[in-house]
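Close look at the chain arrangement
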Amino acid sequence: MSYENIRFASEGNIALVTLNRPNRRNALSLALMRELIDCLSEIGGRRDLRVVILSGAGKVFSSGHDLSEMTGRDINGYRSLFEVCTELMSKLQSIPQPVIAEVQGIATAAGCQLVATCDLAIASENAAFATPGVKIGLFCTTPMVALSRVIGRKRALEMLLTGELIDAYRAAEWGLVNRVVPADHLQEETRQLAGRIAQASDLVVALGKQAFYTQVDLDQPKAYAYAKEVMSMNSLAHDAQEGIASFLEKRTPCWTGQ
């Protein structure tokens, strides 16, 4: 896979995707978002890749939408732009592999949305986060969707209404990222997390990721009704029976992805 605005590589069964517009603070241009959708679609179809790490080249993770593309459009032009952004965010959560954001620097607006949308996130102590659209007359309404679901109403509204940066430690306290690590340990920590996830059955991880996003916004009775059916079907899978047997027999499981 060859792209102009992102980089793709792999380390064993881990996919490495890098936003690669450091001279533009990794702004999410239409071209970059479309390339990222294409790349994630390709990764989603590969059984040899178990986890995705999403990072940004340079000092900034992502500054959000490319503002040079945000002027002079008609209503349909703006709708098209935000439809592509929405498709990207949906793609991150619909592919079977977990996606880990590796956040080395500032993530603002749609860049903050990107972090909130990823399944997991590890941040450098140098990272910071904001939804500053209110300061330029363009409220971060689409980033609000992901942000409010991750950190809750009051905290999301504080970020949205003030546009002020929060540091990595507050982001971890609020649940926007999983944890904060020293800058020189960021890649190591992210790869260790990816490696632990990759040890599990890819079938079971994919099933669990899909089930999580399906149930999370249901009321509790509907969530349990759905979850018990998924877990019943999961129990029939070869990997589930193998995993249970290996535990009882005190041996390492041999996954087949079935």
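Up top you'll find the structure we're talking about.
Description of the structure in this document. (Residues numbered from 1 in each chain as written. Predicted model: local features only at pLDDT ≥ 70, side-chain atom pairs only at ≥ 80, totals over all residues. Heavy atoms only, no water.)

**Quick notes on the overall build of the protein**
So the rule is basically this: For helices the rule is a DSSP run of H or I covering at least 4 residues; for strands it is a run of E covering at least 2, with both sets numbered from the N terminus onward. Relative accessibility decides the category of a residue: with a 1.4 Å probe and only protein chains considered, values under 20% of the type maximum give buried, values over 50% give exposed, and everything between is partly exposed. The contact criterion used throughout is that any non-hydrogen atoms of two residues lie within 4.5 Å. The Shrake-Rupley method, run with a 1.4 Å probe, gives the accessible areas here. Residue values count only the displayed protein chains as cover. The charged-residue count follows a simple rule in which Lys and Arg add positive charge and Asp and Glu add negative charge, with His and chain termini not counted at all. We put the charge of a Lys on NZ, of an Arg on CZ, of an Asp on CG and of a Glu on CD.
Looking only at helices and strands, the protein features ten helices and ten strands. Here the protein holds 258 residues, and the buried ones make up 45% of them. In the protein, 68% of the contacts between residues at least 6 apart in sequence involve partners at least 24 apart. Element-wise, carbon and sulfur atoms account for 53% of the exposed surface of the protein, whose accessible area totals about 13300 Å². The positive charge centre, built from 26 side chains, and the negative charge centre, built from 28, are 3 Å apart in the protein.

**Observations concerning the side chain of Thr18**
Looking at where Thr18 falls in the secondary structure, it is placed in strand S2 (residues 14–19). Apart from residues lying up to four places away in sequence, Thr18 is in contact with Asn5, Ile6, Arg7, Ser55, Gly56 and Ala57.

**Some words on helix H7 (residues 186–198)**
For the α-helix, the turn length of 3.6 residues means that residues three or four positions removed from each other point alike. This is how the line gets drawn: Here the expected span of a helix is defined as 1.5 Å times the quantity of residues minus one. What the arc covers is the set of directions going from the helix axis to the C-beta atoms.
Over its 13 residues, H7 extends 18 Å from the first C-alpha to the last, a length consistent with the 18 Å expected when each residue adds 1.5 Å. Among the residues of H7, those classed as buried are Leu186, Thr190, Leu193, Ala194, Ile197 and Ala198. Along H7, the residues classed as buried sweep out an arc of 140 degrees about the axis, all on the same side. Packing partners of the buried residues in H7 comprise S2, strand S3 (51–56), strand S5 (99–103), strand S7 (120–124), strand S10 (179–181) and helix H8 (202–215).

**Points about the sheet that holds S2**
Keep this limit in mind: Any two strands are treated as partners once DSSP identifies two or more bridges connecting them. Axis definition: a line fitted to C-alpha atoms, over the contacting stretch in the case of helices. Angles run 0 to 180 degrees between N-to-C directions.
Within the open sheet, the six strands sit side by side as S1-S2-S3-S5-S7-S10. Their pairing is mixed. Of all strands in the sheet, those bounded by a partner on one side alone are strand S1 (6–11) and S10. Taken over all neighbouring pairs, the strand axes of this sheet differ in orientation by 20 degrees on average, direction set aside. Direction of pairing for S1 relative to S2: antiparallel, over a ladder of six bridges. Looking at S2, one finds that Glu11 is bridged to Ile14. Across the face of the sheet, H7 comes into contact with S1, S2, S3, S5, S7 and S10 while running at roughly 170 degrees to S5.

**Side note on the packing of helix H1 (residues 30–44) against helix H2 (residues 75–94)**
Any two packed helices are characterised by how steeply their axes cross, that is the angle between the axes, and by the distance between the axes. Quick note on the threshold: Convention used here: angles under 35 degrees read as roughly parallel, angles over 145 as roughly antiparallel, angles from 65 to 115 as roughly perpendicular, and any remaining angle as oblique. A crossing counts as left-handed when the near helix is turned anticlockwise from the far one by less than a right angle, and as right-handed when that turn is clockwise. Three classes are used, and their members are as follows: Ala, Val, Leu, Ile, Met, Phe, Trp, Tyr, Cys and Pro are nonpolar, Asp, Glu, Lys and Arg are charged, and the others, Gly among them, are polar.
Look at H1 against H2: their axes get within 10 Å of each other, and the N-to-C directions meet at 30 degrees. With respect to H2, the axis of H1 lies roughly parallel. Here the hand of the crossing between H1 and H2 comes out left-handed. Facing H1, whose interface residues are Leu30, Met33, Arg34, Leu36, Ile37, Leu40 and Ser41, H2 presents Leu81, Val84, Cys85, Glu87, Leu88, Lys91 and Leu92. Each residue belonging to the contact of H1 with H2 can be placed in one class, and the counts come to ten nonpolar, one polar and three charged.

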